[in-house]
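A look at the structure
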Amino acid sequence: MFARTPRLLLRPGWMEDAATLAQTINDPAILRNLSRAPSPYGPDDAQAFLALPQHPHLPRLLAFTRTQGAPRMVGGCGVHMDEDGAPELGYWIARPYWGLGFATEAARAVLGMARANGVRDIRAGHFADNRASGNVLRKLGFRFSGRTAQRYSLGRDALVDCLLFEEGDAGRQSNDPAIDLYRDAVVPMAA
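Predicted, not measured: the structure shown is a model, and the values here were computed from it.

What to know about the nonpolar core
One finds Leu10, Leu21, Ile25, Tyr41, Leu89, Trp92 and Phe142 to be the most contacted residues of the largest nonpolar core, which totals 48 residues. With 9 residues, the top contributor of residues to this core is helix α4 (residues 102–116). Apart from residues no more than four positions distant in its own chain, Tyr41 is found in contact with Leu21, Ala22, Ile25, Asn26, Leu31, Ala46 and Phe49.

Pasting the structure below:
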C-alpha cells in the first residue's frame with residue numbers, strides 16, 4: 001500500500017532504503033523516544049527492519065517529502081501488534097523535520113489505511129517526557145487512558161514511564177470520515 005498526503009508519500013520500505021534509513025533514524029534524540037529501535041541504529045538494523053514481513057492490514061511505511069525538490073526521507077509510521085496483541089500506532093520523524101506537522105500528517109494517513117482495512121481500537125503510547133508525541137496523538141483524536149506503563153527504551157537502556165492512549169470515539173465509529181478521506185490515497189502494491 002502507498003498513500004499520498006499533501007506533503008508526503010508513504011510507502012513500504014525497500015532494501016534500497018537501508019542506508020538512508022540508518023542515517024536518518026540514527027540520532028540519539030530520536031532513538032531515546034522509541035521502544036523498539038536499537039541504539040545505535042546501523043545498516044544491519046535497517047536491513048533487518050526492512051526484511052520484516054508486511055502484514056496486509058497493518059501498514060508499516062516510510063515517509064518521504066514530495067514537495068520542493070527530490071523526495072527526502074522524513075520518518076516512518078505504522079501500526080503493529082503490541083505485546084497484548086492489540087494494534088498500536090508508532091511513528092518517528094527525523095529531527096530536521098520536527099515541529100512541521102509531518103508526524104500528524106503521516107499518522108493520519110496510516111490510521112486511515114488501517115481503519116479502511118477493518119483495524120479498530122488502535123492504541124498508542126509515548127514516553128512521559130515526550131510531550132510533542134502526546135500533542136500528535138491528541139490531534140489525531142486519541143485520548144489518554146489514565147494508565148501509565150513501564151516500557152523499555154533501547155535508546156535509553158532503561159525502563160521509562162509510558163502514557164497509554166486509546167482511540168477517541170471517531171476511531172471507533174464504523175462510519176469513520178478518515179476512511180473516506182484516505183481511501184482514495186491508498187494505492188495497492190503491485191504484485
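After presenting the structure, the write-up continues.
What to know about the pairing of strand β2 (residues 8–11)
With 2 bridges joining them, strand β1 (residues 3–4) and β2 adopt antiparallel strand pairing. In the sheet register, Ala3 faces β2, and the bridge partner there is Leu10. Linking β1 to β2, which pair antiparallel, is a turn of 3 residues. Strand direction decides the pairing type here: β2 and strand β3 (residues 60–65), joined by 4 bridges, are antiparallel. Bridging across to β3, Arg11 finds its partner in Leu62.

Overview of the pairing of β3
Burial runs high along β3: 5 of the 6 residues are buried. Relative to strand β4 (residues 73–81), β3 runs antiparallel, the two sharing 5 bridges. Counterpart to Arg60 in the pairing with β4 is Gly78.

Quick word on the pattern of salt bridges
Counted by the stated rule, this structure contains 11 salt bridges. A salt bridge links Arg7 to Glu105; the nearest nitrogen and oxygen atoms lie 2.7 Å apart. Placement of Arg7 in the loop between β1 and β2 and of Glu105 in helix α4 is noted, with a sequence separation of 98 residues between them. Arg7 gets classed as partly exposed once you look at its relative accessible area, which sits at 26%. A salt bridge links Arg95 to Asp27; the shortest N-O distance between them is 2.7 Å. Of the two residues, Arg95 is situated in the loop between β5 (87–93) and α4 and Asp27 in the loop between α1 (18–25) and α2 (28–31); the sequence distance between them amounts to 68 residues. On the accessibility criterion, Arg95 (42% relative accessible area) is partly exposed. Of the residues examined, Asp27 reaches a relative accessible area of 13% and is grouped as buried. Salt bridges sharing common partners tie together Arg32, Asp129 and Arg156.

Procedures and definitions
- Residues numbered from 1 in each chain as written.
- Predicted model: local features only at pLDDT ≥ 70, side-chain atom pairs only at ≥ 80, totals over all residues.
- Heavy atoms only, no water.
- Core = buried A, V, L, I, M, F, W, Y, C linked by side-chain atoms within 4.5 Å.
- Buried < 20%, exposed > 50% of the residue type's maximum accessible area, 1.4 Å probe, protein only.
- Helix = DSSP H or I, 4+ residues; strand = E, 2+ residues; numbered from the N terminus.
- Contact = heavy atoms within 4.5 Å.
- Pairing = 2+ DSSP bridges.
- Salt bridge = Lys/Arg side-chain N within 4 Å of Asp/Glu carboxyl O.

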